[in-house]
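Spelled out, the chains give:
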Amino acid sequence: MVKAIRFYETGGPEVLKYEDVAVGEPGPGQARVRHSYIALNFIDIYFRTGRYPLALPEGAGSGLGSDAVGVVEAVGPGVDYLQPGDRVGYLIGPQGAYSQARVMPAEVLIPLPDGISDRTAATLMMKGMTAQYLFRQVYPLKGGETILYHAAAGGVGLIACQWARALGVTMIGTVSTDEKAEIAKANGCAHTIVTSRENIVERVKEITNGKGVPVVYDSVGKDTLMDSLDCLQPRGHFVSNGTSSGSVVVDSQLLAQKGSIWMTRPAMVHYIHPRAHMLDMARELFDHVLAGDIVSEPQQTFALADAAEAHRALESRKTTGSTVLVP
Ligand SMILES: NC(=O)c1ccc[n+]([C@@H]2O[C@H](COP(=O)([O-])OP(=O)(O)OC[C@H]3O[C@@H](n4cnc5c(N)ncnc54)[C@H](OP(=O)(O)O)[C@@H]3O)[C@@H](O)[C@H]2O)c1
């Protein structure tokens, strides 16, 4: 038996239960991983609250989480690319990362290089890979652009700040407090907009001499939608990559009115396959970390048993950077 977080109904953080669960032997194509760190992501909140549907069978409920690092303990038949003792991390696959150990599909496991600690890797798997696919695949940045990025001091945000700097991109980042602005700037965000006291559109126009930006990466959603569209140049790209403040619904006529805007709502799952491509994405991310372009450590650490507390902190905008759970 291992300890794990499970939930049986959607709702507030209190629905998360810390329980004993059985972990079996890996079957064909599977591996058993013992976690050293589990990463908290905003998507975990969407699943917990029911905003993203998840099957919760009567009496069985569900595990939570899709992002962790650890060591392979055993592999099942047909898994010849991993061995017991390998350090690995992952960011996709079935829910259930909030656990001391688990059996899972081996094909989603990414070997971790020497030189990157488990603690750092736990901040990179989902969040660094998200920065990779946003900046290198969804709207590929060439260098020299000025971009608008929302929640710049968040988990994905702090890595995005550093990745933008490494690419020679000028990032304008939104944050809710002056303290978060300082953190974003220290991580390479060239300009910050403190949303509690500054007007996003006015500041973007000021910084870009009235031109606006070619792309907005907007993970905040409902609260920032109209500002994001108003900050774009004609034929600009609106990348709606999250809904931390609530869902967005966009009438296509609005996109025409705002300047023939291109809009996409990207999901990682459509940018990470096949496995060879996932490993290339990870290689690019790890190379930036090994080169020192991206420095990433958890900013908040909770015991796995205190996952509910960690959720409260993330939901109430009290965190900066990455948050990890220690099993
Ligand atoms: N599409 C994908 O494939 C994908 C993959 C990974 C993550 N994401 C999305 O990227 C975003 C960032 O994820 P993360 O885990 O790194 O979280 P995070 O950015 O660390 O936390 C969310 C941040 O959003 C800001 N925010 C603005 N309004 C908010 C509100 N009403 N409630 C809560 N937060 C609000 C807060 O920053 P301020 O206080 O500074 O405003 C908060 O710290 C999330 O929306 C997530 O769903 C998408």
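With an unreviewed UniProt entry as reference, the protein chain is termed Quinone oxidoreductase family protein, source organism Comamonas terrae.

1. Quick word on the nonpolar core
Counting 81 residues, the largest nonpolar core has L91, Y98, M129, F135, M171 and Y217 as its most contacted members. Taken domain by domain, the makeup of this core includes at least three residues from each of domain 1 (2-123 + 297-326) and domain 2 (127-269). In this structure Y98 touches A4, I5, I38, A39, L40, D44, L64, G65, L304, A307, H311 and L325, once residues within four positions along its chain are discounted. Listed in part, the 17 residues of the second largest apolar core include I200, V201, C231 and I261.

2. What to know about the pattern of salt bridges
On inspection of all chains with the given rule, the structure shows 14 salt bridges. For R32, the salt bridge goes to E73, with nearest N and O atoms at 2.8 Å. Taken together, the residues span a long stretch of sequence, with R32 in strand β3 (residues 30-39) and E73 in strand β5 (residues 68-75) at a distance of 41 residues. Taking the relative accessible area as the measure of exposure, R32 reaches 15% and is therefore buried. Among the residues examined, E73 registers a relative accessible area of 28% and is labelled partly exposed. Residue E309 is joined to R312 by a salt bridge in which the shortest nitrogen-to-oxygen separation is 2.7 Å. Taken as a pair, E309 and R312 lie in helix α9 (residues 307-315) at a separation of three residues, close to a single helical turn. With a relative accessible area of 41%, E309 lands in the partly exposed category. Residue R312 is classed as partly exposed on the basis of its relative accessible area of 35%. Here the residues in one salt-bridge network are E25, R32, R34 and E73, joined through shared partners.

3. Here's the deal with the layout of surface pockets
Roughly 210 Å³ of volume is contained in the second largest pocket. Contributing to the lining of the second largest pocket are 17 residues, with R6, V21, G96, S99 and R102 lying nearest its centre. Those elements that place two or more of their residues in the lining of the second largest pocket are β1 (2-7) and β7 (101-105). Counted by class, the lining of the second largest pocket contains 10 nonpolar, five polar and two charged residues.

4. What to know about the site of the ligand
Near the ligand, the surroundings consist of 26 residues, among which Y133, S176, K180, N241 and S244 are the closest. Within the backbone of F42, one N or O atom sits 2.9 Å away from an oxygen atom of the ligand. At 3.2 Å, a backbone N or O of N241 approaches a nitrogen atom of the ligand. Across the complex, the protein chains shield 91% of the 910 Å² of accessible surface that the ligand would expose by itself. Residue assignment for the shell around the ligand shows that the elements contributing at least two residues are α1 (42-49), α2 (118-138), α3 (155-167) and α9. Grouping the amino acids of the shell around the ligand by side-chain chemistry returns 11 nonpolar, 11 polar and four charged. There are two domains that each give the shell around the ligand at least three residues, and those are domain 1 (2-123 + 297-326) and domain 2 (127-269).

5. Description of the state of the cysteines
Counting across every chain of the model gives zero disulfides. Counting only cysteine sulfurs, C189 is the nearest neighbor of C161, a cysteine outside any disulfide, at a range of 4.5 Å. Classification of C189 as buried rests on a relative accessible area of 3%.

6. Description of the packing of aromatic side chains
Summed over the entire model, instances satisfying the criterion amount to seven aromatic pairs. Consider the rings of Y46 and Y52, whose centres lie 4.8 Å apart with planes at 50°: the pair is tilted. Assessed through its relative accessible area of 5%, Y46 is described here as buried. Taking the centre distance of 6.0 Å and the plane angle of 80° together, the rings of F135 and Y149 count as edge-to-face. One end of the pair, F135, is in helix α2; the other, Y149, is in strand β9 (residues 146-149), and 14 residues separate them in sequence. Each member of the pair F135 and Y149 is classed as buried. Cluster of aromatic residues (ring-pair linked, three or more members): F42, Y46, F47 and Y52.

7. Looking at the side chain of T208
Looking at the element boundaries, T208 is found in the loop between α5 (200-207) and β12 (213-218). In terms of polar contacts, T208 uses its side chain to reach the backbone amide nitrogen of G212, at 2.9 Å. Not counting residues within four places of it along the chain, the set of residues in contact with T208 comprises T146, I172 and V213.

8. Here we look at the sheet that holds strand β2 (residues 17-21)
Pairing is antiparallel in the open sheet, where three strands are placed in the order β2-β1-β4. Unpaired on one side and paired on the other, β2 and β4 (62-63) mark the two borders of the sheet. With five bridges connecting them, β1 and β2 associate as antiparallel partners. Paired with R6 across the bridge in β2 is K17.

How each quantity is defined
Residues numbered from 1 in each chain as written. Predicted model: local features only at pLDDT ≥ 70, side-chain atom pairs only at ≥ 80, totals over all residues. Heavy atoms only, no water. Core = buried A, V, L, I, M, F, W, Y, C linked by side-chain atoms within 4.5 Å. Buried < 20%, exposed > 50% of the residue type's maximum accessible area, 1.4 Å probe, protein only. Domains from an automatic or database assignment. Contact = heavy atoms within 4.5 Å. Salt bridge = Lys/Arg side-chain N within 4 Å of Asp/Glu carboxyl O. Helix = DSSP H or I, 4+ residues; strand = E, 2+ residues; numbered from the N terminus. 1 Å grid on protein atoms, 1.4 Å probe; cavity = no way out; pocket = protein on both sides within 12 Å on 5 of 7 lines; lining within 4 Å. Points joined across faces, edges and corners; volume = space filled by probe spheres on them. Nonpolar A, V, L, I, M, F, W, Y, C, P; charged D, E, K, R; others polar. Near = heavy atom within 4 Å. Polar contact = N/O pair within 3.5 Å; in protein donor to acceptor, adjacent residues only side chain to side chain. Areas by Shrake-Rupley, 256 points an atom, 1.4 Å probe, with all protein chains shown as cover. Disulfide = S-S within 2.5 Å. Phe/Tyr/Trp six-rings, centres within 6.5 Å; stacked < 30°, edge-to-face > 60°. Pairing = 2+ DSSP bridges.

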